[in-house]
Amino acid sequence: MGNKEVSKMSKSITKKTIGELSKFLGVSVHTIKYYEKQGLISSVRDEKSNYRYYDIHVCTDLYECVKYRNMGFSVKDSQILLREADTNKVDDMVKVRLQEVDAQIEELIDIRKNISDYYEEISSINDKLGQWYIEPMETTYVYYQTDDLEYKTENSIGSSSVDFLRYFPKTKSVLHVPKESLDGGEFKYKWGLSLKEHEMPTNIDKSLLEKIDFRRVFVTYHKYDVPYTKYFDVVLEGLRKMLKQYNLESKDDAYFFRIKNAHEGDKEVEYFKVCIPI
């Protein structure tokens, strides 16, 4: 075999066009171009044909790119791992990434528990509508933001020491209705956000919060097809009728915890868990 034939065969083995490389590695042309633009791989341009060619070393670099990206490293970190990091740096970066993934797993486990608990709560509501139960009630703290429909501007969540938004769906909207309103007096209520005591961070200032601390409560579930913030007098009247129907007397204020909202035809319906201390 002559030198020309050997040289030709060598070129076909060691260099590939972007299309050939894509087919050979199973990596899309778009991905190859992207990695090259980011400086993760490089090509040589043939002066005569103006084609870009990729040598065998690019194959290994591309596989390394895919490896690091599949482990969740950013493009920037992948570039450091491929082009700059010494052996200790590689070890350290992989260790840090492992710690990040462990933290993400812990977060996902917590999110899954929140979703599971919430699903268990909302999926049984329809079976409980209009019935009364006696349940224990865990100590709960409320950050009230209104008196009736008037905002308490000093009680904005942004200035609160408790990041209530972080704890949804554990955090629940709650309407506090005084006993006098339940008994037929002037309609009053307060609205805010609530958290159970065991779910709150230990370092918060509880002086801004109101404590709900009852051992046992009467519980019922209600579904309303009117916006409760506009027609809460209708919501309240429904509860008054139920108390009278079951010959129950309110001995304290009532707390309406908003559990779920949905749509039925052209109406928005809202579900509440109503707790009245025994």
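These numbers come from a predicted model, not from an experiment.

A.B. asks: So what's going on with the packing of helix H2 (residues 18-25) against helix H4 (residues 56-70)? Which residues, and what values?
C.D. replies: One can describe the packing of H2 onto H4 by two numbers: an axis separation of 11 Å at closest approach and a directional angle of 55°. Taken together, the axes of H2 and H4 are oblique relative to one another. In the crossing of H2 with H4, the sense of the turn from one axis to the other is right-handed. In this structure, H2 contributes Leu 21, Phe 24 and Leu 25 to the contact, and H4 contributes Val 58, Cys 59, Leu 62 and Tyr 63. For the contact of H2 with H4, a count of residues per class yields 7 nonpolar, no polar and no charged.

A.B. asks: Give me the lowdown on the sheet that holds strand S3 (residues 52-55), citing residues and values where you can.
C.D. replies: One open sheet holds the 3 strands; their spatial order is S1-S3-S2, and the pairing between them is antiparallel. The open sheet is flanked by strand S1 (15-16) and strand S2 (44-45), the only strands paired with a single partner. In this structure, S2 lies alongside S3, joined through 2 bridges in antiparallel fashion. In the sheet register, Arg 45 faces S3, and the bridge partner there is Arg 52.

A.B. asks: Go over helix H6 (residues 87-122) with me, naming the residues and quoting the values.
C.D. replies: Look at H6: 52 Å from first C-alpha to last across 36 residues, which is about the 52 Å you get at 1.5 Å a residue. Where H6 is concerned, the buried positions are Val 90, Met 93, Arg 97, Asn 114 and Ile 122. The elements touched by buried residues of H6 are H4, helix H5 (75-83), helix H7 (125-128) and strand S11 (254-264). You can read the cap of H6 off the contacts: a side-chain oxygen lies 3.2 Å from the backbone nitrogen of Asn 88, and it is on Asp 86.

A.B. asks: Tell me what's going on with the nonpolar core, and back it up with residues and numbers.
C.D. replies: Across soluble globular proteins, you tend to see nonpolar side chains buried next to one another. In this structure, Leu 21, Ile 32, Ile 41, Tyr 54 and Leu 62 are the most contacted members of the largest nonpolar core, which totals 22 residues. Mapped by element, the contributors of at least two residues to this core are H2, helix H3 (29-37), H4, H5 and H6. Looking at this core element by element, the count peaks at 5 residues for H4.

A.B. asks: Quick rundown of the environment of Lys 16? Include the residues and the values.
C.D. replies: Mapped onto the secondary structure, Lys 16 falls in strand S1. In this structure the C-alpha to C-alpha distance between Lys 16 and Tyr 51, which are 35 residues apart in sequence, comes to 9.8 Å. For Lys 16, the residues in contact, after removing those within four places along its chain, are Leu 21, Phe 24, Arg 52, Tyr 53 and Tyr 54.

Parameters at a glance
Residues numbered from 1 in each chain as written. Predicted model: local features only at pLDDT ≥ 70, side-chain atom pairs only at ≥ 80, totals over all residues. Heavy atoms only, no water. Axes fitted to C-alpha atoms, helices over the stretch in contact; angles between N-to-C directions. Helix = DSSP H or I, 4+ residues; strand = E, 2+ residues; numbered from the N terminus. Parallel < 35°, antiparallel > 145°, perpendicular 65-115°, else oblique. Left-handed = near helix turned anticlockwise from the far one by under 90°. Contact = heavy atoms within 4.5 Å. Nonpolar A, V, L, I, M, F, W, Y, C, P; charged D, E, K, R; others polar. Pairing = 2+ DSSP bridges. Expected span 1.5 Å × (residues − 1). Buried < 20%, exposed > 50% of the residue type's maximum accessible area, 1.4 Å probe, protein only. Polar contact = N/O pair within 3.5 Å; in protein donor to acceptor, adjacent residues only side chain to side chain. Core = buried A, V, L, I, M, F, W, Y, C linked by side-chain atoms within 4.5 Å.

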